[in-house]
Each structure stands twice: as structure tokens, then as C-alpha cells.
Amino acid sequence: MSWITRTRQQLTGFLAKRDTPENLWTKCKNCGAMVYTKEWEDNDHVCPRCDHHDRIGGRVRFDQLFDGEYRLLPAPRVAEDPLKFKDQKRYVDRLKAARAQTGEQDAMLCADGLITGHRAIVGVQDFAFMGGSMGMAVGETFLSGVDAALAAQCPFIMFTAAGGARMQEGILSLMQMPRTTVGIQQLNEAGLPYIVVLTDPTTGGVTASYAMLGDVQIAEPNALIGFAGQRVIEQTIREKLPEGFQRAEYLLEHGMLDMVVHRRDLKPTLGQLIGLLMARRLAA
């Protein structure tokens, strides 16, 4: 074996044993740019090259939004597999896999904290947990957020991200649509603001219920928002839909949203809205 071959093998072995972090880089799902993960996180999980807003879970969202410490609301207990559902996999196995992947019990978290000094209850759906799908656990968590807002006499802010209702729970998942609507009506009757922030993607039964019933409707840039998919709509009406038909900017232009807000501006915007809406409530 030649000297250069031995040296190359030694160097290769040395480099292979070095402790290199696996998550040193993050690849943007939109433009494909490789960004240092630290830079990605410091930029609120928004690509510094193309401004793509990456999907984030509840705990990351709370850290970005609240002034400091916050309190997670207890997760309500529900029947985990009421229909004993099985397709290619058992429903209970899908739940176990989603919990192992995300570290959460289900697709929604609620927390209590301060946003620019204003108390608020905030709910966040995590698309990483079975597509953020709305099942009984999501419905109960939403209603626990409503109850907490009523008890604290403060606003309820909902960040939506979902593929729709959870098919493994059948009609029980669809029942969450009217249940959450009743909860929103309770907030309205108490004069408490209900603010919705639609993130990418918000579709299906979530769009058809609590996602579109806010006193103020906000969306993150370029978020996909709709009920049925664009291809399904085109096949139904047999017409070609405009470019960006279900994107936040198109919906803002056509009156379905009040504003599209960059993630870096969400906290001050929400703080200002809470101040205005609560001052109006006190003056009434």
C-alpha cells in the first residue's frame, strides 16, 4: 500500500469520526436554498432568500409570540380510537407515530400568556401532526381555549394549519365544526375578541368552521387557504382558475381577509389589535 493511499484512508477515517451536527443546515422548501439553521431560527423560520414562511408548531410559535413565560393549557382527554379505525395502518399506530415525531399528544396546543403586555389565550395547530387534522382532541382543545379566554376575560387567538377533518374519526370529527362554532358564539356574546391567523395550509372542515369566523382575519404571506383543492374545483366547474386563486394575497384582494402580515410583524400587530378591541369593549 502506497504512502498516499494510507494517508488518504487515515484522513477519511478522521473526518468520518468528527462530530458534525446533522441539523447544521436547513433547506428552504420553496427556493431550495441551504441556510444555516441558526440563521433560519433567528429569522423566525422564514427563508432569508425568498421570504418563504416555513411551517412551525405550537411551542415555536409561542416562543415567538409571547413576551416571556407562558402557561400551556392542559390537554383534554378524549377517546383515542372510538371507531377502531384501520386502513393501511391502525389509527392507534398513526397516533403513536405522530406523537413520536412531534412530541405532542395531538394537533393543537393552547397557551396563556402576554402579547406586548396584553393577556391572551393562543391556540396553534401543528400541520406536522397528521396534517393538523381536526379530530375530537382538536375540538376539545379549542373549546378549552375558549373556556380559558372566558374565565380570564381576554381575547382568543387561533393559528390554523390543517388538511381538514380527521377521517379516522368519521362523523365525530365533523361534529367539531358546529361545536367550535358554538364556542366562538360564546366569545361573541361575552364581547371578547376572536382573532384568526391563517397559516399554510388551512383547508377543509377547519376552513369551513372556526378558521373563517374571526372578528379579524389575518394570514401569513402566500399561505394556501381554501376548502376543496384547486384541481377539484376546476374539474367541478370546468373552468381554469386564476393564478394564486387560493393564496393569501388573492383572498385579501377579494375581501376574504383583513390583512396579510409577515411573521416578524405578527406580534406587534396582534398586540395593537388586542389593545384596540379590548378598549372598544371597555368603552361599550
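Everything quoted here is computed from the prediction, not taken from an experiment. (Residues numbered from 1 in each chain as written. Predicted model: local features only at pLDDT ≥ 70, side-chain atom pairs only at ≥ 80, totals over all residues. Heavy atoms only, no water.)

Our focus in this paragraph is the overall build of the protein chain. If you tally the helices and strands in the protein chain, you get eleven helices and nine strands. Based on the C-alpha atoms only, the size of the protein chain along its principal axes is roughly 85 × 45 × 45 Å. Considering the protein chain as a whole, with its 284 residues, one finds that 44% of them fall into the buried category. Within the protein chain, contacts between residues at least 6 apart in sequence are counted, and of these 67% link residues at least 24 apart. Per element, the accessible surface of the protein chain, about 15300 Å² overall, is 54% carbon and sulfur. Placing the 32 positive and 33 negative side-chain charges of the protein chain at their respective mean positions leaves the two points 8 Å apart. (Helix = DSSP H or I, 4+ residues; strand = E, 2+ residues; numbered from the N terminus. Buried < 20%, exposed > 50% of the residue type's maximum accessible area, 1.4 Å probe, protein only. Contact = heavy atoms within 4.5 Å. Areas by Shrake-Rupley, 256 points an atom, 1.4 Å probe, with all protein chains shown as cover. Lys, Arg positive; Asp, Glu negative; His and termini not counted. Charge placed at Lys NZ, Arg CZ, Asp CG, Glu CD.)

Right, let's get into the nonpolar core. Counting 57 residues, the largest nonpolar core has Phe142, Phe156, Ile157 and Tyr210 as the members making the most contacts within it. Sorting elements by how many residues they give to this core places helix H5 (residues 136–152) first, with six residues. Setting aside anything within four residues of it in sequence, one finds tyrosine 210 in contact with Met108, Gln125, Met134, Val138, Phe142, Met158, Thr160, Thr180, Ile184, Tyr194 and Val196. Membership of the second largest hydrophobic core comes to five residues, among which are Cys28, Ala33, Val35 and Trp40. (Core = buried A, V, L, I, M, F, W, Y, C linked by side-chain atoms within 4.5 Å.)

This next bit is on the side chain of glutamine 246. Mapped onto the elements, glutamine 246 comes out in the loop between helix H9 (230–237) and helix H10 (248–253). Under the relative-accessibility criterion, glutamine 246 is labelled buried at 9%. With residues up to four places along the chain from it excluded, the contact list for glutamine 246 reads Ala223, Leu224, Ile225, Gly226, Phe227, Ala228, Gly229, Gln230 and Ile233.

Another point: the environment of isoleucine 121. You can see isoleucine 121 is positioned in strand S5 (residues 118–125). The buried category is assigned to isoleucine 121, whose relative accessible area is 0%.

Across the sheet, seven strands lie side by side as S3-S4-S5-S6-S7-S8-S9; this open sheet has mixed pairing. Bordering the open sheet on either side are strand S3 (71–72) and strand S9 (259–260), each of which pairs with just one other strand. In the packing of helix H3 (residues 58–65) onto the sheet, contacts are made with S3, strand S4 (108–115), S5, strand S6 (156–162) and strand S7 (194–202), and the angle to S4 comes to roughly 10 degrees. (Pairing = 2+ DSSP bridges. Axes fitted to C-alpha atoms, helices over the stretch in contact; angles between N-to-C directions.)

Time to look at the pairing of strand S8 (residues 216–219). In S8, alternate side chains face the same way, and those of Val216 and Ile218 on one face and Gln217 and Ala219 on the other are all buried. Alignment of S7 against S8, held across four bridges, turns out to be parallel. Paired with valine 197 across the two strands is isoleucine 218, which belongs to S8. The sheet contact formed by S8 and S9 spans two bridges and is parallel. Its bridge partner lying in S9, alanine 219 is registered against valine 260.

The next subject is the environment of leucine 251. Its location among the elements puts leucine 251 in helix H10. For leucine 251, a relative accessible area of 8% corresponds to the buried category. In the structure, leucine 251 is positioned 99 residues away from alanine 152 in sequence and 33 Å away in space, judged by C-alpha atoms. Sequence-distant contacts of leucine 251, defined by excluding residues within four places in its chain, comprise Ile225, Phe245, Met256 and Leu257.

Another aspect to go through is the pattern of salt bridges. In the structure shown here, the tally under the stated rule is 17 salt bridges. A salt bridge links aspartate 54 to lysine 29; the shortest N-O distance between them is 3.4 Å. Of this pair, aspartate 54 sits in the loop between helix H2 (37–42) and H3 while lysine 29 sits in the loop between strand S1 (25–27) and strand S2 (34–36); the two residues are 25 residues apart in sequence, bridging distant segments of the chain. A salt bridge links aspartate 200 to arginine 55; the shortest N-O distance between them is 3.2 Å. Placement of aspartate 200 in strand S7 and of arginine 55 in the loop between H2 and H3 is noted, with a sequence separation of 145 residues between them. Overall, the relative accessible area of 19% leaves aspartate 200 in the buried class. It is possible to trace a salt-bridge network through shared partners that takes in Arg55, Asp200 and Arg247. (Salt bridge = Lys/Arg side-chain N within 4 Å of Asp/Glu carboxyl O.)

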